[in-house]
Amino acid sequence: MRSIAVVGTGLIGTSVALAARSRGLTTYLLDRSSLAVGAAVALNAGIAGPPPEPVDLAVIAVPPAQLATVLKEQQDRGLARCYTDVVSVKARTRLAAARAGCDLSRFVGGHPMAGSERSGPFAAAADLFQGRNWVLTPSPSTDRQAIDLVLRLVALCGATPVLMEEEDHDRTVALTSHAPHLVASLLSARLESIGPATAQLIGQGLRDTTRIAGGSPGLWTDILGANAVAVAEILDGFAQDLGRALEALEQLGSEDPEHRRGGERVLGELLTRGVAGQDRIPPRRDGRAGTPSSRVSVPVANRPGDVERLFADVWSTGMHIVDLAVDHTPDAPVGRLDLIVDPEAAGDLASHLAERGWAARR
């Protein structure tokens, strides 16, 4: 394999591109947002725009609802010999692709089991997939050449391929990823109206529990909708346990000793099951963790060179960019880049960019 194309330059797509570039592959980057492509190019993730001739493999790194449309579009244009994706829901997206008329014999469903609560190209890393599992869901009709190419991609990214049936994959990620994200978001929503005094008392336990709630609401609405039935089944059992916990707490608040003993028994059982479940979780194999950050917003015109000029001005400060968020409609003349930086650096970065002529604000 000598060349790949990555369609979608967010966290996962850009990380795939960085890994491919680090192994000497020629990599082409496509995205509806010129700002996102510009960011990935500035990170040296690849070449902006379609290749002059079909590449060996195209990686479709778009939200689940867009997969069928984008795959059909890129197959019709002859972007690559074979195709894969990185979407976290497999069964419904494959069905949508079949209904759209995609050639599924040259397509291998894929889902790298790696990511971050952060999003966008600046959260990407060439080693994001190192030592991680990468689920593949080929069908009996999948072309062997397509499977071989995707296996080579997984290997060069440093991941371990895991073959699964689509439905088994979707039930698994409903439990291990999708339902936990929704639960974390609902818990985090309890914090909307807290004051400064309460915020100062937040400890690491709550930070850890709600960390993943920082993901893109639009993307996660798409993901949860694509795997709705499996997630609902998980949350149904969760709701039953939550109801038992609520009843137990009410009993513990009673003046009746027998009621309190009953509440203690049920709550102890639930907590013991929690310990047993937590013991089944393997230790982390990477050192990634969330850190406090602040946002500096910069309007950027949709014209060649502006993104690169902005990044040059940012990097001239020597400040570390933690993440990047893009707010951009392809046909709009102006988009917005949100630069995520350490809180102590936000004020200096905004002032520096303002001196360079950017309308930056915190």
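All values reported here derive from a predicted model rather than from experimental measurement. (Residues numbered from 1 in each chain as written. Predicted model: local features only at pLDDT ≥ 70, side-chain atom pairs only at ≥ 80, totals over all residues. Heavy atoms only, no water.)

S.K.: Would you mind going over the overall build of the chain with me for this structure?
M.R.: Broken down by element type, the chain carries 13 helices and 12 strands. By the compact-globule yardstick of 21 Å for 362 residues, the chain fits well, its C-alpha radius of gyration being 23 Å. Dimensions of the chain, computed from C-alpha atoms along their principal axes, come out at roughly 80 × 60 × 35 Å. Accessible surface, the chain: about 18,600 Å² in total, of which carbon and sulfur atoms supply 53%. (Helix = DSSP H or I, 4+ residues; strand = E, 2+ residues; numbered from the N terminus. Rg over C-alpha atoms; globule rule 2.2 N^0.38 Å. Areas by Shrake-Rupley, 256 points an atom, 1.4 Å probe, with all protein chains shown as cover.)

S.K.: I'm lost on the environment of I321 in this one. Help?
M.R.: Locating I321 in the fold gives a position in strand 11 (residues 321-327). For the pair I321 and I340, spaced 19 residues apart in sequence, the C-alpha to C-alpha distance is 6.0 Å.

S.K.: Would you mind showing me how to read the packing of helix 12 (residues 306-315) against helix 13 (residues 343-355) here?
M.R.: In a packed pair of helices, the relevant descriptors are the angle between the two axes and the axis-to-axis distance. At their nearest, the axes of helix 12 and helix 13 sit 10 Å apart, and the two run at 125° to each other. Overall, the two elements helix 12 and helix 13 adopt an arrangement that is oblique. Every pair of crossing elements has a handedness; the one defined by helix 12 and helix 13 is right-handed. Contact residues: L310, D313 and V314 in helix 12; L349, H352 and L353 in helix 13. Looking at the contact of helix 12 with helix 13, its residues break down into four nonpolar, one polar and one charged. (Axes fitted to C-alpha atoms, helices over the stretch in contact; angles between N-to-C directions. Parallel < 35°, antiparallel > 145°, perpendicular 65-115°, else oblique. Left-handed = near helix turned anticlockwise from the far one by under 90°. Contact = heavy atoms within 4.5 Å. Nonpolar A, V, L, I, M, F, W, Y, C, P; charged D, E, K, R; others polar.)

S.K.: Help me out: how do you make sense of the pattern of salt bridges in this one?
M.R.: Note on pairing: side chains with opposite charge can pair once their charged atoms come close. All told, the structure shown has 10 salt bridges when counted by the stated rule. Note that K90 is salt-bridged to D85, the shortest N-O span being 2.8 Å. Take K90: its relative accessible area is 3%, and that puts it in the buried class. (Salt bridge = Lys/Arg side-chain N within 4 Å of Asp/Glu carboxyl O. Buried < 20%, exposed > 50% of the residue type's maximum accessible area, 1.4 Å probe, protein only.)

S.K.: What is the right way to look at the confidence of the model for the chain in this model?
M.R.: Segments scoring low in pLDDT should not have their predicted coordinates read at a detailed level. Of all residues in the chain, 93% have pLDDT values of 70 or greater, and the mean over the chain is 88. Per-residue pLDDT stays below 50 along residues 286-291; that stretch engages in eight contacts with residues further than four places along the chain or on separate chains. (pLDDT = per-residue confidence, 0-100.)

S.K.: Teacher, can you tell me more about helix 2 (residues 34-42) here?
M.R.: Because each turn of an α-helix spans 3.6 residues, side chains separated by three or four positions in sequence point in the same direction. Residues L35, A36, V37, G38, A39 and A40 constitute the buried set of helix 2. N44 sits one or two residues past helix 2 and shows a positive phi near 65°.

S.K.: Honestly, the packing of aromatic side chains in this entry has me stumped. Any pointers?
M.R.: A ring pair, where both rings are aromatic, is described by two values, the distance of the centres and the angle of the planes. In this structure the tally under the stated criterion is one aromatic pair. When the ring of F129 is compared with that of W134, the centres are 5.1 Å apart and the planes differ by 50°; the resulting orientation is tilted. The exposure class of F129 is buried, given its relative accessible area of 1%. W134 gets classed as buried once you look at its relative accessible area, which sits at 1%. (Phe/Tyr/Trp six-rings, centres within 6.5 Å; stacked < 30°, edge-to-face > 60°.)

S.K.: What am I meant to see in the pairing of strand 1 (residues 3-7) here?
M.R.: The side chains of a regular strand alternate between both faces of the sheet. Counting buried residues along strand 1, five of its five residues qualify, which places the element largely inside the surrounding structure. Residues S3, A5 and V7 line one face of strand 1 and the alternating positions I4 and V6 line the opposite face, and both faces are buried. As paired elements, strand 1 and strand 2 (residues 26-30) share five bridges and run parallel to each other. Across the sheet, V6 pairs through a bridge with L29, a residue of strand 2. Note on the crossover from strand 1 through helix 1 (residues 11-22) to strand 2: the handedness is right-handed. Across four bridges, strand 1 lies against strand 4 (residues 55-60) in parallel orientation. Residue pairing across strands places V7 opposite I60, the latter belonging to strand 4. (Pairing = 2+ DSSP bridges. Right-handed = clockwise from strand over helix to strand, strands pointing away.)

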